[in-house]
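A structural walkthrough
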Amino acid sequence: MTYKKISKQGADRLAPDAAKAADEGDSPGMEQRHVGIGTSKGFAIGQAYELVRETIEHETQELNTSNIEEEVERFRIALHRSEKELKKIERVTTRKIGKLYSDLFQAQIMLLNDPSLIGVISRRIRAELKPAQLIIEQEFEKHLKNFINSDDVYFRERAADLHDIKDRIIRNLHVRKLHSWVPEGVIVVSHHLSPADIILLSRSNIKGFATDTGGKTSHISLICKSMNIPIVVGLGSFAQKVETGNTIILDSSEGVVITDPAEKTIEEYQKKRESELRREADDSMLAQMHSSTRCGVKISVYSNIDFKEELDRFDATGSEGVGLFRTENLFLDSMKTPTEAFQSAYYTEMAEILTPKPLVIRLFDIGGDKLIYSPVREPNPNLGWRGIRILIDVPEILHSQLQAVVKSNTHGNIDILLPMISSIEEIEFIKVELEKHYSQISYESDEPIDKPGLGAMIEMPSAVELIDEITKIVDFISIGTNDLTQYTLAVDRNNLIVQDLFEKFHPSIIRQLHRVITTAQKNHCKVSICGDMASDPLALPFLLGCGLREFSMVSSDIPSMKSLISHYSIAECEELATQCLKLDRASKVKATLEEFRNRH
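In every chain, residue numbers begin from 1 and rise along the written sequence. For a predicted model such as this one, the threshold for reporting local features is a pLDDT of at least 70, and the threshold for listing and counting side-chain atom pairs is 80 or more; totals across whole chains, interfaces and linings nevertheless cover every residue. Working from all heavy atoms in the structure, the side-chain values ignore hydrogens and water.

**Details of the overall build of the protein**
What the protein contains, in helices and strands, is 23 helices and 16 strands. Only protein chains enter the area calculation, which uses a 1.4 Å probe; residues under 20% of their type maximum are buried, those over 50% are exposed, and those in between are partly exposed. Sorting the 600 residues of the protein into buried and exposed places 54% on the buried side. Here the contacts in the protein between residues at least 6 apart in sequence split such that 68% fall between residues at least 24 apart. In the form shown here, the protein has an accessible surface area of approximately 27500 Å², with 52% of it arising from carbon and sulfur atoms. Numbering of helices and strands runs from the N terminus; a helix is a DSSP stretch of H or I covering at least four residues, while a strand is a stretch of E covering at least two. Here a residue-residue contact requires only that any non-hydrogen atoms of the pair lie within 4.5 Å. We get accessible surface area from the Shrake-Rupley algorithm with a probe of 1.4 Å; when it comes to residues, only the shown protein chains can shield them.

**Considerations on the packing of helix H3 (residues 68–97) against helix H5 (residues 115–128)**
Here the axes come from fitting lines to C-alpha atoms, over the contacting stretch only for helices, and the angles between their N-to-C directions go from 0 to 180 degrees. For the pair H3 and H5, the least separation of the axes is 9 Å and the interaxial angle reads 155°. In terms of their interaxial angle, H3 and H5 are classed as roughly antiparallel. Handedness of the H3/H5 crossing: right-handed. Where H3 approaches H5, its residues Ile 68, Glu 69, Glu 71, Val 72, Phe 75, Arg 76 and Leu 79 are matched on the opposing element by Ile 118, Ile 121, Ser 122, Ile 125 and Arg 126. Residues are grouped as follows: Ala, Val, Leu, Ile, Met, Phe, Trp, Tyr, Cys and Pro are nonpolar; Asp, Glu, Lys and Arg are charged; every other residue, Gly included, is polar. The residue makeup of the contact of H3 with H5, split by class, is seven nonpolar, one polar and four charged. Small angles under 35 degrees read as roughly parallel and large ones over 145 as roughly antiparallel, with 65 to 115 read as roughly perpendicular and the rest as oblique. Crossings are assigned a handedness: left-handed for a near helix turned anticlockwise from the far helix by less than a right angle, right-handed for a clockwise turn.

**Observations concerning a positive patch on the surface**
Together, Lys 88, Arg 91, Arg 95, Lys 96 and Arg 203 give the surface a local cluster of positive charge. Assignment of secondary structure puts Arg 203 in the loop between helix H8 (195–201) and strand E5 (208–211). By relative accessible area, which is 38% here, Arg 203 ends up partly exposed. Residues qualify for a patch when their relative accessible area is over 30% and they have no salt bridge, like charges being joined within 9 Å and the nonpolar side chains of Val, Leu, Ile, Met, Phe, Trp and Tyr within 5 Å. Salt bridges are defined by distance alone: a side-chain nitrogen of Lys or Arg within 4 Å of a carboxyl oxygen of Asp or Glu. This count recognises Lys and Arg as positive and Asp and Glu as negative, with His and chain-terminal groups excluded. Charge coordinates come from a single atom per side chain, which is NZ of Lys, CZ of Arg, CG of Asp or CD of Glu.

**Description of the pairing of strand E10 (residues 322–326)**
For E10, the buried fraction is high: four of the five residues fall into the buried class. Any two strands between which DSSP finds at least two bridges are classified as paired. Across three bridges, E10 lies against strand E11 (residues 359–362) in parallel orientation. Across the sheet, residue Phe 325 finds its bridge partner in E11, namely Ile 361.

**Overview of the sheet that holds strand E8 (residues 256–259)**
Strand order in the open sheet formed by eight strands is E1-E8-E7-E3-E4-E5-E6-E2, with mixed pairing between adjacent strands. In the strand order of this sheet, the two ends are held by strand E1 (32–35) and strand E2 (37–38), each with one partner. Pairing of strand E3 (residues 43–50) with strand E4 (residues 187–190), which is carried by three bridges, proceeds in the parallel orientation. Along E4, the bridge assignment pairs Ala 48 with Ile 187. Relative to strand E6 (residues 231–233), helix H9 (residues 219–227) is tilted by about 165°, and along the sheet it contacts E5 and E6.

**Some words on the environment of Ile 266**
Mapped onto the elements of the fold, Ile 266 is located in helix H10 (residues 263–287). Taking the C-alpha atoms as reference, Ile 266 lies 9.8 Å from Thr 247; in sequence the two are 19 residues apart. Not counting residues up to four positions away in its chain, the partners in contact with Ile 266 are Ile 45, Thr 247, Ile 249 and Pro 261.

**Quick word on the packing of helix H12 (residues 340–354) against helix H14 (residues 395–408)**
Running from amino to carboxyl end, H12 crosses H14 at an angle of 35°, the nearest separation of the two axes being 8 Å. The handedness of the crossing between H12 and H14 comes out as right-handed. Of the residues in H14, those touching H12 at Glu 340, Gln 343, Ser 344, Tyr 347, Thr 348 and Ala 351 are Ser 400, Gln 401, Gln 403, Ala 404, Val 405, Lys 407 and Ser 408. The residue makeup of the contact of H12 with H14, split by class, is four nonpolar, seven polar and two charged.

**Re the nonpolar core**
Residues belong to one nonpolar core when they are buried, are Ala, Val, Leu, Ile, Met, Phe, Trp, Tyr or Cys, and are joined through side-chain atoms within 4.5 Å. By size, the foremost hydrophobic cluster in this structure holds 140 residues, and its most contacted members are Phe 209, Ile 470, Ile 477, Leu 543 and Phe 551. The element that contributes the greatest number of residues to this core is H3, accounting for nine residues. Once residues within four sequence positions are removed from consideration, Phe 209 is found in contact with Ile 187, Val 188, Leu 193, Ile 198, Leu 201, Cys 224, Ile 229, Pro 230, Ile 231, Val 232 and Leu 250. The next biggest cluster of nonpolar side chains, apart from the first, holds 13 residues, and it includes Ile 187, Val 189, Leu 250 and Val 257.

**Examining unusual backbone geometry**
Residue Pro 356 is bonded to the preceding Thr 355 through a cis peptide linkage, with omega at 5°. Mapped onto the elements, Pro 356 comes out in the loop between H12 and E11. Located in the positive-phi region is Leu 129, a residue other than glycine, with phi close to 50°. Structurally, the position occupied by Leu 129 is in the loop between H5 and helix H6 (132–148). Residue Met 420 is not a glycine yet carries a positive backbone phi of 55°. Here Met 420 shows up in the loop between strand E12 (414–418) and helix H15 (424–444). Given the relative accessible area of 2%, Met 420 is considered buried.

**Notes on H14**
In a helix, the anticipated span is given by 1.5 Å times the number of residues less one. Its 14 residues place the ends of H14 20 Å apart at the C-alpha level, agreeing with the 20 Å of an ideal helix rising 1.5 Å per residue. Of the positions making up H14, those classed as buried are Ile 397, Leu 398, Ser 400, Gln 401, Leu 402, Ala 404, Val 405, Val 406 and Ser 408. Of the surrounding secondary structure, the elements contacted by the buried residues of H14 are H12, E11, helix H13 (388–393), E12 and H15.

**A word on the environment of Val 257**
Summarising the element assignment, Val 257 is placed in strand E8. As for Val 257 and Ile 45, which are separated by 212 residues in sequence, their C-alpha atoms are 9.9 Å apart. The contact partners of Val 257, leaving out residues within four places of it in the chain, are Gln 32, Arg 33, His 34, Ala 210, Val 232, Leu 235, Phe 238, Ile 248, Ile 249 and Leu 250.

**Examining the packing of aromatic side chains**
Any pair of Phe, Tyr and Trp rings, taking the six-membered ring for Trp, is counted once the centres come within 6.5 Å. Such a pair is stacked with planes under 30 degrees apart, edge-to-face with planes over 60 apart, and tilted for the rest. Evaluated as defined, the whole model comprises five aromatic pairs. One aromatic cluster in this structure is built from Phe 325, Phe 342, Tyr 346 and Tyr 347.

**What about helix H19 (residues 507–522)?**
With 16 residues, H19 should reach 22 Å at 1.5 Å per residue; the first-to-last C-alpha distance of 23 Å fits that figure. Taken together, the buried positions of H19 are occupied by Pro 507, Ile 509, Ile 510, Gln 512, Leu 513, Val 516, Ile 517, Thr 519 and Ala 520. In the segment just after H19, His 524 is the residue with positive phi, at about 55°.

Below is the structure:
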């Protein structure tokens, strides 16, 4: 059998990191770019600090019936020391970024006190006359193997938390000191970092983190995002290629770490930083003003958020409300569904803080590449059991969340958003269930409660085809451009091999956006956009030209987007949109948008 020679483009796609390294030089002292996953925004220039874990050798001492109880006691003391450490970290975390994240460490503390874990390890030490370290490693490895080999990204990334507990117990077994100090203002580089590492090391005013392991939904990524610390994860073997004291540039926005940067590159990033500081100062003044175009048309700008702690910085950004609250992150500390009481208290607090501003609560969008409710093994999770499908199939999840949302809507500022809608039947099913819960709760309540508005995510081609019917039976729609692009182009947005094919300015995408926006307006249905395109400066004038008047994005992007909005008039944006919709290639669309931006 013969095969055609693979093109250079194909070779680059199959080995993107290697191709980039080859293109940009492998020689020592030459600038090199290392590609990983950026999970927050921002960049840092500074000295690397390589955080190397101390290797604890396997114990070889012989045990017998006369000293075996001493070994069991060593194990119990190690558990106690580990618990004390985690309680301290839990307190620091609560103070820094709130209780939801500190619950991560509470879950670890509960595992340390798990009678079955303690019992199994203690019994094995006594029965086999083996050192505690060996038994601990064997017991944890059983569970770690299942997590690491899982097809589900959620389980693979949670393995890091289990690994952290194991290492903590073994370190305390040998009474080794916790590494919680590094020099001020460095960029920490390590093969692996735990959530506890991030919390403790952040006290040294760390500029950023770079790790070989980790993913977009790993706990270290979520924590850094919450603390506004740049981090690049998933760098492979990067930690082996850098030494403490090396100057590096960490660009979390692009998911890149640059080693041995040339003077020109350093100057470019320094100028970029100075420009950002000036822009942030200007934008912060505009942020407090109402957003409108140059011709006076009002544009509403809302926030996408993951946790209620983000509301603390809300007013400074000029956000007009929450356009998307991703509730699936409430699964963060457990595989169990958050209770109705927990959800109700959480949503109520958010609604009270925001009132009279709106709060759009998206029902649990679990499964696929997000956090998952059940360990179901699927050959292709993104095309499988996720979103609205899980909610309909597992009534206890849906009912507890609907009840919690309805009970929380005492201020009348909460709306419900349905994820991954592909049919009219799905919407009608939820409408019936919502009406049942609302009727019961409003009847039993001592105070009046408004029924939440109901909206649908438009993120599948099937929903676009049904957009006329959908916008006649819901109160609003929100366009999720990330999944819409993924499903339309059949490109997994988390697959590095085909990532260059994930093109949001593909003619098919922009034509769908235009169709959805204009149809919603015709049917007097509110429409917003909440995907990454909402905060893309290049896409902004096109979307305004299509008729979009509501945007939802990361709060930190709002000031700059408000500033850009003020530079455009609707008439010229409409002309731009008409021009773009006639084009047949993404490259032509982007060139047209860039030329328009340069003129303004």
